[in-house]
Amino acid sequence: MSRIPLIAGNWKMNKDHVEAAGLVTKLWWSLIDGHYEAEQSEAAVIVPFTDLHTVATIIEGDKIGIGFGAQDVSEHDSGAYTGEVSAPMLAKLKCNYVVVGHSERREYHGETDALINAKAKKVIEYGMTPIICVGEVLEIRKEGRHLSHVLTQTKGVLDGLTPEQVGALVIAYEPVWAIGTGEVATPADAQEVCGAIRGYVRDTFGPAAADSVRIQYGGSVKASNVVEIMAEPDVDGALVGGASLDPAEFAKIVLFYKG
Ligand code: PEP
């Protein structure tokens, strides 16, 4: 079955809501200039919480055909959790996607696979699509343990989900050593791990889930390297950090299929 690639731009902690309005509008102009077709490659922006209302309003008001979402979510619905933002709040803003388990959340906030699993379940419960991040640090890669490490993470973050739920979500394989470093995994490295993740999904959740789950690669993706990465059979898109802050560059990444 064919999976529509998802190219999602993770703005991280960049751009206030005024800057966000400019960036999303410029991105749309660049996509239109490049004859963007969402059926060929879907674009989404993953923005700071403070930008969400502005981005949602512009996307809806100007009929901008891209998705948007948040970079994290609470595992709780509401209550005394100062500083947290809940899934129902994000659903009310009509977020399409919510990233959970980004390596920066794992590293700086001690997020575990069990917590990420709980967050992914909340995202699904409120009708949005989680983009669940997994990936190994350099030490684990050097020791040759990257496959078992990533598959253990995958098992943990997908625990208790149904085959239908798994088939509809997005997994982002992001080797931590390639995030924001300029180091890119080779297309073969990306394929090795993305293929193993799909194999795990097939063995655990069945062929239909494996055929429809989208598996992204993330780590220093740019217009100059996206085509060869996307040529790999088990890579269904990219989670893009730094390069997503440049609308022309990000549009070129989204339009990778034009060569
Ligand atoms: C990311 O933030 O998920 C990411 C992949 O960043 P970068 O593209 O800058 O490596």
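Turning our eyes to something else, we now look at the overall build of the protein chain. Helix and strand content of the protein chain: 12 helices and eight strands. Taking 259 residues into account, the globule formula puts the C-alpha radius of gyration at 18 Å, and the protein chain, at 17 Å, falls close to it. Considering the protein chain as a whole, with its 259 residues, one finds that 52% of them fall into the buried category. In the protein chain, the share of contacts with a sequence separation of at least 24, taken over all contacts with a separation of at least 6, comes to 74%. Distance from the positive charge centre (22 side chains) to the negative charge centre (35 side chains) of the protein chain: 1 Å.

Per the counting criterion, the structure on display carries one cavity of 30 Å³ or more. Looking at the largest cavity, its volume works out to about 40 Å³. Forming the walls of the largest cavity are Gly101, Ser103, Arg106, Cys133, Val134, Gly135, Gln153, Glu174 and Val176. Residue classes in the lining of the largest cavity are distributed as three nonpolar, four polar and two charged.

Right, let's get into the packing of aromatic side chains. A ring pair, where both rings are aromatic, is described by two values, the distance of the centres and the angle of the planes. Taken as a whole and assessed by the stated rule, the structure comprises three aromatic pairs. Ring geometry for tryptophan 28 and tyrosine 36: centres 5.8 Å apart, planes at 80°, overall edge-to-face. Classification of tryptophan 28 by relative accessible area gives buried; the value is 17%. In this structure tyrosine 36 comes out as buried when scored by relative accessible area, which is 13%.

The next subject is the layout of surface pockets. Of the volumes computed, that of the largest pocket is approximately 370 Å³. In terms of residues, the lining of the largest pocket owes the most to one element, helix H4 (residues 103-109), which gives four residues. Here the lining of the largest pocket is composed, by residue class, of six nonpolar, five polar and four charged. Here the second largest pocket is characterised by a volume of approximately 180 Å³. Taken together, 18 residues line the second largest pocket, and the ones lying closest to its centre are Gly180, Gly219, Ser220, Gly241 and Gly242. The class makeup of the residues in the lining of the second largest pocket is five nonpolar, 10 polar and three charged.

A few words on unusual backbone geometry. Even without being a glycine, lysine 15 presents a positive backbone phi close to 80°. Of note, lysine 15 is situated in the loop between strand E1 (6-10) and helix H1 (17-33). What makes lysine 15 partly exposed here is its relative accessible area of 31%. Residues other than glycine seldom take positive phi values, yet lysine 94 does so here, at roughly 65°.

A few words now on the pairing of E1. Here E1 lies mainly inside the structure; five of its five residues are buried. Burial along E1 is two-sided: Leu6, Ala8 and Asn10 and Ile7 and Gly9, pointing in opposite directions, are all buried. As defined by bridge partners, E1 adjoins strand E2 (residues 42-47) across five bridges and the pair is classed as parallel. When the sheet's bridge partners are listed, alanine 8 is paired in E2 with alanine 44. Two strands pair when backbone bridges link them, and E1 and strand E8 (residues 237-240) are joined in this way by four bridges, in the parallel orientation. The residue of E8 that forms the bridge with glycine 9 is valine 240.

Counting residues in hydrophobic clusters, the biggest one holds 72 residues, and the most contacted among them are Leu31, Val45, Ile66, Leu90, Leu158, Val201 and Tyr217. Each residue touching valine 45, except ones within four places of it in the same chain, is listed here: Gly9, Trp11, Val24, Leu27, Val55, Ile66, Gly67, Phe68 and Gly69. With 11 residues, the next largest nonpolar core counts Ala8, Tyr97, Ala172 and Leu239 among its residues.

Counting through the fold element by element, threonine 154 comes out in helix H7 (residues 146-158). Residue threonine 154 is classed as buried on the basis of its relative accessible area, which comes to 0%. For threonine 154, the contacting residues outside a window of four places in its chain are Val134, Ile171, Ile197 and Tyr200.

On to the packing of H7 against helix H9 (residues 187-205). Relative to each other, H7 and H9 sit at 45°, their axes nearing to 10 Å. Taken together, H7 and H9 sit at an angle that is classed as oblique. In the packing of H7 onto H9, the handedness of the crossing is right-handed. Here H7 contributes His146, Leu147, Val150, Leu151, Thr154, Lys155 and Leu158 to the contact with H9, which in turn contributes Glu192, Val193, Ala196, Ile197, Tyr200, Val201 and Phe205.

What counts as what
Residues numbered from 1 in each chain as written. Predicted model: local features only at pLDDT ≥ 70, side-chain atom pairs only at ≥ 80, totals over all residues. Heavy atoms only, no water. Helix = DSSP H or I, 4+ residues; strand = E, 2+ residues; numbered from the N terminus. Rg over C-alpha atoms; globule rule 2.2 N^0.38 Å. Buried < 20%, exposed > 50% of the residue type's maximum accessible area, 1.4 Å probe, protein only. Contact = heavy atoms within 4.5 Å. Lys, Arg positive; Asp, Glu negative; His and termini not counted. Charge placed at Lys NZ, Arg CZ, Asp CG, Glu CD. 1 Å grid on protein atoms, 1.4 Å probe; cavity = no way out; pocket = protein on both sides within 12 Å on 5 of 7 lines; lining within 4 Å. Points joined across faces, edges and corners; volume = space filled by probe spheres on them. Nonpolar A, V, L, I, M, F, W, Y, C, P; charged D, E, K, R; others polar. Phe/Tyr/Trp six-rings, centres within 6.5 Å; stacked < 30°, edge-to-face > 60°. Pairing = 2+ DSSP bridges. Core = buried A, V, L, I, M, F, W, Y, C linked by side-chain atoms within 4.5 Å. Axes fitted to C-alpha atoms, helices over the stretch in contact; angles between N-to-C directions. Parallel < 35°, antiparallel > 145°, perpendicular 65-115°, else oblique. Left-handed = near helix turned anticlockwise from the far one by under 90°.

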